[in-house]
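# Descriptive analysis of the structure
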Amino acid sequence: MDCLFCKIIAGEIPSTKVFEDESVYAFRDIEPQAPEHIIIVPKNHIKSANEITAENSAVIAKIYEAAAKIAKEIGFAENGYRIVNNCGVDGGQTVGHIHFHLLAGRNLQWPPG
Ligand code: 5GP
Ligand code: ZN
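Residues numbered from 1 in each chain as written. Chains lettered and ligands numbered in written order. Predicted model: local features only at pLDDT ≥ 70, side-chain atom pairs only at ≥ 80, totals over all residues. Heavy atoms only, no water.

## Notes on the coordination of the zinc ion (ligand 2)
Donor atoms from the polypeptide that bind the zinc ion (ligand 2) are Cys3 (SG), Cys6 (SG), His45 (ND1) and His97 (ND1), placed at 2.0 to 2.3 Å. For the zinc ion (ligand 2), the four donor atoms in the first shell make angles of 105 to 116 degrees at the metal, a pattern classed as tetrahedral. Each donor residue of the zinc ion (ligand 2) lies on the same chain, and together they follow the pattern C-x2-C-x38-H-x51-H. Placement of cysteine 6 in helix α1 (residues 4-10) and of histidine 45 in the loop between β3 (36-42) and α2 (58-74) is noted, with a sequence separation of 39 residues between them. The exposure class of cysteine 6 is partly exposed, given its relative accessible area of 22%. (Donors = N, O, S within 2.8 Å, 3.2 Å for Na, K, Ca; no water. Tetrahedral: all angles 85-135°; square planar, octahedral: opposite > 155°, others 65-115°. Helix = DSSP H or I, 4+ residues; strand = E, 2+ residues; numbered from the N terminus. Buried < 20%, exposed > 50% of the residue type's maximum accessible area, 1.4 Å probe, protein only.)

## Thoughts on the packing of aromatic side chains
For the coordinates displayed, the defined rule picks out four aromatic pairs. With centroids separated by 5.4 Å and ring planes inclined at 75 degrees, the aromatic side chains of phenylalanine 5 and phenylalanine 27 adopt a geometry described as edge-to-face. Note that phenylalanine 5 is positioned in helix α1 and phenylalanine 27 in strand β2 (residues 24-28), a separation of 22 residues in sequence. Exposure class is identical for phenylalanine 5 and phenylalanine 27. Each is buried. Between phenylalanine 76 and tyrosine 81, the aromatic rings sit 5.7 Å apart at their centres with planes inclined by 70 degrees, giving edge-to-face as the arrangement. Through successive ring pairs, a cluster of aromatic residues spans Phe5, Tyr25 and Phe27. (Phe/Tyr/Trp six-rings, centres within 6.5 Å; stacked < 30°, edge-to-face > 60°.)

This is the structure:
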């Protein structure tokens, strides 16, 4: 399958790994939008939030567990952070493998653009 994040997970495209376990991979975003910008993905290919079902949704909990671990390890858990999932064209999704942006290190504004 021609999927950028599947290739990153497989190590075919280099990435700066932040966290990995049996079901989740996390790496630094190539174009960071905050001092800390980490992408967390399930290792199995799920296209977007639209494809989450009762059969595959357990990995989403794993992603949030990973985010909490990463936040504590890097040290921004206390100050806070934002977890963002963009879905589809209007959501601003540019890579067709579901991913969660973990953003931290500055006071993030709301609402998003
Ligand atoms: P989206 O816009 O789909 O929500 O997020 C995709 C993210 O993947 C963007 O923040 C973009 O900077 C990041 N990205 C795209 N290509 C690469 C890459 O080859 N390596 C890494 N580390 N990040 C990438
Ligand atoms: Zn994929």
